[in-house]
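Notes for the structure review
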Amino acid sequence: MRMSARTLYDKLWDAHVVHESPDGTTLLYIDRHLVHEVTSPQAFEGLKLAGRKPWRPDSILAVPDHNVPTRDREKGIADPVSRLQVETLDANCKEFRLTEFRMDDRRQGIVHVIGPEQGFTQPGMTIVCGDSHTSTHGAFAALAFGIGTSEVEHVLATQCLWQKKSKTMLVRVEGQLGQGVTAKDVALAVIGRIGTAGGTGYAIEFGGSAIRALSMEGRMTLCNMAIEAGARAGMVAVDDKTIEYLRGRPYAPQGAMWDRAVEYWRTLVSDPDAVFDAVVEIDAADIVPQVTWGTSPEMVVPVTGRVPDPAEAPNPVKRADWERALNYMGLAPHTPIAEIRVDKVFIGSCTNSRIEDLRAAAEVARGRRVAPNVKLAMVVPGSGLVKAQAEAEGLDRVFKEAGFEWRDPGCSMCLAMNADRLEPGERCASTSNRNFEGRQGAGGRTHLVSPAMAAAAAVFGHFVDVRNVQ
Amino acid sequence: MTPFTRHVGLVAPLDRANVDTDAIIPKQFLKSIKRTGFGPNLFDEWRYLDRGEPGQDCSKRPLNPDFVLNQPRYQGASILLARENFGCGSSREHAPWALADYGFRALIAPSFADIFYNNCFKNGILPIVLPAEVVDRLFQETYATEGYRLTVDLTEQTVTTPAGEVFRFEVDAERKHRLLNGLDDIGITLQHVDAIRAYEQRRRQEAPWLFV
């Protein structure tokens, strides 16, 4: 073994070391800092109380996304507490002259959608945000991870973070995904395999022919969910798709600088003989559309399966978890997934609100109607630009004609900080990332699925295997 | 930051795996622009029978008598015993803020989610990883003995039971040093200003497109 062989993670790490302490704790330089309204106010307050300023304002892009309304936006935010939080972000960005896409900017959207969309996210960067789904940006061979508010303040003040190097895990998916099987299903299948703590302490690189075949949107979906497997960071090596996605984006390098950047980006792959601390191998052909049945993303089964029986749980702690989850979800063991009826459908979130996601959902919705038992089916594009693109393609009409609501961009019902939420007991097919108790509204019941599966649940009123939908 | 050296405290058992930060502090309380006052809403959906909203007077809300922290024997608990993957999910630092505001100084579990684990150290809370079988025993002892207290010593990296049994835990030297002394990370980092500037200068040469 050549000692010089490095993983992609090693390369990203090595390029950002500013200082290393004797125990390996490292001061790591941060290239990009994405900021939203929920996890930043206390950081800006701390910065100001200490008489400090942002170290590098040009490294920051801010956007309100969690609290923003998804309709009647011109009327402003009705909830005064939400409104104050967004106004606080506006004021902080104004005071420190930071770039912010405000609520009325057509580029506004979910922070993890707009970073890549603007080309602000690039290969080889360290990217942080006070949001766990920052792992999304790893799709561009960047080292991207979520941080807490103290660390948001730390990055604002110093452009650096103290980090310990993670272990490395390669999740290799070889073969071809079946028709109707998406990156979301891969993500859920991986979590089902390794568990929600399976990636704790690791940075995951997704590789293999099935990953290379994914679009950038698909890779973002996959890396987005790395955190649901416990890994702070997920990543995919650079290839032609990465580079073509970024070409011409507003914040991407131009001209001769572009060529220089591309030359560097091409090196951002794991060396062939690099050694990972753990390797998980998955056959793409084994993955079928997934549906979660419980209150943790690891509680997932194929759409062709049934709700499991706690009596068959591997240990007493899991058995108690499964019983509690089934009780919360209002489900009986052995119920076929395809017999579970839904009350609401949510298509959106930083996991699945990009143009490819909306196309896949629209394909299923086209010429059909939302089932009578579904009280609300909503589509929330990831950004104003995604929304505009979808409208240019006529997808909004497809959705509206089928009885879906077509909304304005934001985090919306993924975490229900704005007015979009489930009522107690309501069951939702959701393209988001977390099915935790109360996540989409107190007492709400979430089933995580892909966009096509969510659209199919909306028009059939219950889960169906989208592979059988023409 | 409050330093953590040695702490003796009443133990409360939260017997669930994968307790996520949405459960620790639900989203509606994240609308606050302050760092304080989250304690009354810690575990809000499990702790109260009604729906919690920001700004309520929690002392008048109906408590869920089945929730462990509402049981009289665990009042005043400052050490939380939990199961694996505690603190998974969202990066919200409001979770450790709420735990600290409630009065927790130490957490013991077989594993913690990475971001949450990291956030605890920034707020004077010591998250302690012990083997699952040890945690299991501590659960049993906590249930069996009313007023069960543990002694946590960060200097020695030990947890000691009332019977005098000692369990050693691991913690990074650097984190330990900072928590023992209550040191502010930013203050430490700014001692490396020259190294940061030198890095930036070198990086501007190598990869100028990173600086827009």
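Cut-offs and rules
Starting from 1, residues in each chain are numbered consecutively following that chain's sequence as written. Here chains are named by letter from A upward and ligands by number from 1 upward, in the order in which they appear as written. Two thresholds apply to this predicted model, a pLDDT of at least 70 for residue-level local features and 80 or more for giving and counting side-chain atom pairs, whereas whole-chain, interface and lining totals are computed over all residues. As a rule here, side-chain values cover all heavy atoms of the structure and leave hydrogens and water aside. We count a stretch as a helix when DSSP gives it H or I for four or more residues in a row; a strand needs E for two or more, and each element gets its number in order from the N terminus. Three exposure classes are used, based on accessible area relative to the maximum for each residue type with a 1.4 Å probe and protein chains only: buried under 20%, partly exposed in between, and exposed over 50%. Residue contacts are counted whenever heavy atoms from the two residues lie within 4.5 Å of one another. We count Lys and Arg on the positive side and Asp and Glu on the negative side, and we leave His and both chain ends out. Here the site of a charge means NZ on Lys, CZ on Arg, CG on Asp, or CD on Glu. Take the number of residues in a helix, subtract one, and multiply by 1.5 Å to get its expected span. Here, the arc refers to the directions that run from the helix axis to the C-beta atoms. In short, buried area is how much 1.4 Å probe accessible area vanishes from two parts on joining, totalled over both. Whenever Lys or Arg places a side-chain nitrogen within 4 Å of a carboxyl oxygen from Asp or Glu, that contact is recorded as a salt bridge. In protein, a polar contact requires one atom able to donate a hydrogen and another able to accept it; more generally it is a pair of N or O atoms within 3.5 Å, and residues adjacent in sequence count only if both atoms are side-chain atoms. Think of it this way: a Phe, Tyr or Trp ring, Trp meaning its six-membered ring, pairs with another when their centres are within 6.5 Å, and the plane angle makes it stacked under 30 degrees, edge-to-face over 60, tilted otherwise. Lysine NZ or arginine CZ positioned within 6 Å of the ring centre and within 35 degrees of the ring normal marks a charge as sitting over the ring.

Comments concerning the overall build of chain A
Counting its regular elements, chain A contains 15 helices and 19 strands. If one aligns the C-alpha atoms of chain A with their principal axes, the spans along those axes are about 60 × 55 × 45 Å. For chain A, buried positions account for 68% of its 470 residues. A sequence separation of at least 24 residues applies to 76% of the contacts in chain A between residues at least 6 apart. For chain A, the separation between the mean place of its 53 positive charges and that of its 59 negative charges on side chains is 2 Å.

What to know about helix H5 (residues 132-144) of chain B
Residues and elements named next belong to chain B. The end-to-end C-alpha distance of H5 is 18 Å, a good match for the 18 Å that 13 residues give at a rise of 1.5 Å each. Every buried residue belonging to H5 is among Val-134, Val-135, Leu-138, Phe-139 and Thr-142, and all of these are buried. Projected down its long axis, H5 shows its buried positions confined to an angular sector of 145 degrees, all on one face. Turned more than 90 degrees away from the buried face of H5 sit Glu-133 and Ala-144, all of them exposed.

Digging into the interface of chain B and chain A
With 61 residues of chain B in contact, the opposing surface of chain A contributes 81 residues. Summed over both sides, the interface between chain B and chain A buries roughly 5800 Å², with carbon and sulfur atoms accounting for 54% of that surface. By the criterion of area lost to chain A, the three top residues of chain B are B:Lys31, B:Ile33 and B:Trp209, representing 14% of everything that side buries. For B:Arg16, the salt bridge identified is with A:Glu437, shortest N-O distance 3.7 Å. On inspection of chain B and its partner chain A, the count reaches 38 residue pairs in polar contact (both at pLDDT 80 or more). Those elements that place two or more of their residues in the side of chain B that touches chain A are helix H2 (44-47), helix H3 (94-102), helix H4 (114-121), helix H6 (173-181), helix H7 (185-189) and helix H8 (193-206) of chain B. Among the elements that take part in the side of chain B that touches chain A, H8(B) stands out by supplying 10 residues, more than any other.

Focus: the pattern of salt bridges
Any two side chains of opposite charge can pair if their charged atoms end up close together. Tallied over the entire structure, the rule returns 51 salt bridges over all chains. Between A:Asp14 and A:Arg6 there is a salt bridge; the shortest N-O distance is 2.7 Å. Note on A:Asp14: relative accessible area 38%, which makes it partly exposed. When salt bridges that share partners are traced, they join A:Glu151, A:Arg232, B:Lys122, B:Glu174, B:Arg178 and B:Asp185 into one network.

Section: the packing of aromatic side chains
When we look at a pair of aromatic rings, we describe it by the centre distance and by the angle of the planes. A full pass over the atoms with the stated rule returns 21 aromatic pairs over all chains. With a centroid separation of 5.4 Å and an interplanar angle of 70 degrees, the aromatic rings of A:Phe399 and A:Phe404 are classed as edge-to-face. Overall, the relative accessible area of 0% leaves A:Phe399 in the buried class. Cluster of aromatic residues (ring-pair linked, three or more members): B:Phe86, B:Phe112, B:Phe116, B:Tyr117 and B:Phe121. The side chain of A:Arg249 reaches across the aromatic face of A:Tyr245, ending 3.8 Å from its centre.

Nothing here speaks to function; it is all geometry.
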